[in-house]
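Each chain, letter by letter, is given below.
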Amino acid sequence: MTSADTALTELLNSRIKDVPDYPKPGVLFKDIAPLLADAEAFAALTRALADRARELGATKVVGLEARGFVLAAPAAFAAGLGFVPIRKKGKLPGAVFEQSYDLEYGSATLEVQCDAFAPGERVLVVDDVLATGGTIAASLDLVQRAGAELVGVVVLMELGFLDGRERLATHLAGAPLETLITV
């Protein structure tokens, strides 16, 4: 890790607020709202994501509903790239690919529009948190089914104790998985 990487991680970490017992007792929630509200930290994060998209040769940046949108859209803009949302079932018009996945208590379905990518388009997936990996895994499967090539995944924060990284290994198809902060 370079000193620039260390400085970025320290800046971002300093703007993330711990909220104990949210959304239920015993959970320590990592609130990124203070980071987003801080112009310096948000700009540094956006630049880092945009730089990584360019370095990986991405042609589109994908954001996952909902907080992933807040990170991916400005990064795509800053990199001069298009943005594609992956949304919860029933939120996108037209023909969609859908992917269901298991949650701790039940299941959910994500969708992407069938025409979101040109064949072989190079995609960077961005999200706020990697926890158990279910949402990101489903999103990676959607990107590939839609005909795009995954060039990487960048996540603001990884909850390392939940082992989501291991769950994603088979979905990455050799693309890098990077996190800016590991908890």
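To be clear, the structure that these remarks concern was listed above.
Keep in mind the model is a prediction, meaning the values are calculated, not measured. Throughout, a residue's number is its position along its own chain's written sequence, starting from 1. Local features in a predicted model are, by the rule used here, given only for residues with pLDDT of at least 70; side-chain atom pairs are given and counted only at 80 or more, and totals for whole chains, interfaces and linings are based on all residues. Only hydrogens and water are set aside; all other atoms, that is, all heavy atoms of the structure, feed into the side-chain values.

S.K.: How do you make sense of a nonpolar patch on the surface when you look at a structure like this?
M.R.: Together, Phe-161, Leu-162 and Val-183 give the surface a local cluster of nonpolar side chains, amounting to about 270 Å² of exposed area. Each helix is a run of H or I in the DSSP string that is no shorter than four residues. Each strand is a run of E no shorter than two, and both are numbered from the N terminus. Position of Phe-161 relative to the elements: it lies in the loop between β8 (149-158) and α6 (164-168). Patch membership requires more than 30% relative accessible area and the absence of a salt bridge. Residues of like charge join within 9 Å; the nonpolar side chains Val, Leu, Ile, Met, Phe, Trp and Tyr join within 5 Å. Residue exposure ignores everything except the shown protein chains as possible cover, and the areas themselves are Shrake-Rupley values with a 1.4 Å probe. Basic side-chain nitrogens of Lys or Arg form a salt bridge, by our definition, when they fall within 4 Å of a carboxyl oxygen of Asp or Glu.

S.K.: Looking at this structure, how should I read the sheet that holds strand β5 (residues 96-103)?
M.R.: Hydrogen bonds between backbone atoms are what pair the strands of a sheet, whose relative direction is either parallel or antiparallel. Note: two strands are recorded as paired if DSSP finds a minimum of 2 bridges between them. Pairing is mixed across the open sheet formed by 7 strands, whose spatial order is β5-β6-β4-β3-β7-β8-β9. For this open sheet the edge positions go to β5 and β9 (177-182), each flanked by a neighbour on one side alone. The average angle at which neighbouring strand axes cross in this sheet is 20°, direction not considered. In this sheet, strand β6 (residues 106-113) lies alongside β5 in antiparallel orientation, the contact comprising 8 bridges. From the neighbouring strand, Leu-103 faces β6, where its bridge partner is Gly-106. Each of β3 (60-64), β4 (82-88), β5, β6, β7 (122-130) and β8 touches helix α5 (residues 134-145); the most contacted strand, β5, lies at about 155° to it. Throughout, an axis means a line fitted to C-alpha atoms (over the contacting stretch in the case of helices), and angles, computed between N-to-C directions, take values from 0 to 180 degrees. A contact between two residues is defined here by any heavy atoms of the two lying within 4.5 Å.

S.K.: Just to check I follow, could you spell out the packing of helix α3 (residues 39-55) against helix α4 (residues 67-79) for this structure?
M.R.: Two measures define how a pair of helices packs: the angle their axes make with one another and the distance between the axes. The contact between α3 and α4 brings their axes to 8 Å, and the two run at 65°. Crossing handedness for the pair α3 and α4: right-handed. Counting all contacts with α3, which are made through Phe-42, Leu-45, Thr-46, Leu-49, Ala-50, Ala-53 and Arg-54, the residues of α4 involved are Val-70, Leu-71, Pro-74, Ala-75, Ala-78 and Ala-79. Three categories are distinguished: nonpolar for Ala, Val, Leu, Ile, Met, Phe, Trp, Tyr, Cys and Pro, charged for Asp, Glu, Lys and Arg, and polar for the others, with Gly belonging to the last. The class makeup of the residues in the contact of α3 with α4 is 11 nonpolar, 1 polar and 1 charged. What makes a crossing left-handed is the near helix being turned counterclockwise from the far one by less than a right angle; a clockwise turn instead makes it right-handed.

S.K.: Would you mind going over the environment of Val-151 with me for this structure?
M.R.: Along the polypeptide, Val-151 turns up in strand β8. As for Val-151 and Glu-55, which are separated by 96 residues in sequence, their C-alpha atoms are 10.0 Å apart. Residues within four places of Val-151 in sequence aside, it is in contact with Leu-56, Ala-58, Arg-122, Val-123, Leu-124, Ala-175 and Pro-176.

S.K.: Can you help me understand the nonpolar core in this one?
M.R.: A general tendency of soluble globular proteins is for nonpolar side chains to be buried together. Judged by nonpolar contacts, the single largest core of 29 residues is most densely connected at Leu-124, Leu-156 and Met-157. Elements with a contribution of two residues or more to this core: α1 (3-14), α3, α4, β7 and β8. Top contributing element to this core by residue count: α3, with 6 residues. With residues up to four places along the chain from it excluded, the contact list for Met-157 reads Ile-16, Lys-30, Ile-32, Asp-128, Val-129, Leu-130, Ile-181 and Val-183. Residues grouped as a nonpolar core are buried Ala, Val, Leu, Ile, Met, Phe, Trp, Tyr and Cys residues, joined through side-chain atoms within 4.5 Å. Here's how the labels work: a residue is buried when its accessible area is under 20% of the maximum for its type, exposed when over 50%, partly exposed in between, all with a 1.4 Å probe on protein chains only.

S.K.: Just checking my understanding: could you explain unusual backbone geometry for this structure?
M.R.: Apart from glycine, the bulk of residues carry a negative phi angle, and the bulk of peptide bonds sit in the trans form. A cis geometry characterises the amide bond from Tyr-22 onward to Pro-23, with omega recorded as 5°. Of note, Pro-23 is situated in the loop between β1 (17-20) and β2 (28-31). A cis amide bond links Glu-65 to the next residue, Ala-66, at an omega of 0°. Along the polypeptide, Ala-66 turns up in the loop between β3 and α4.

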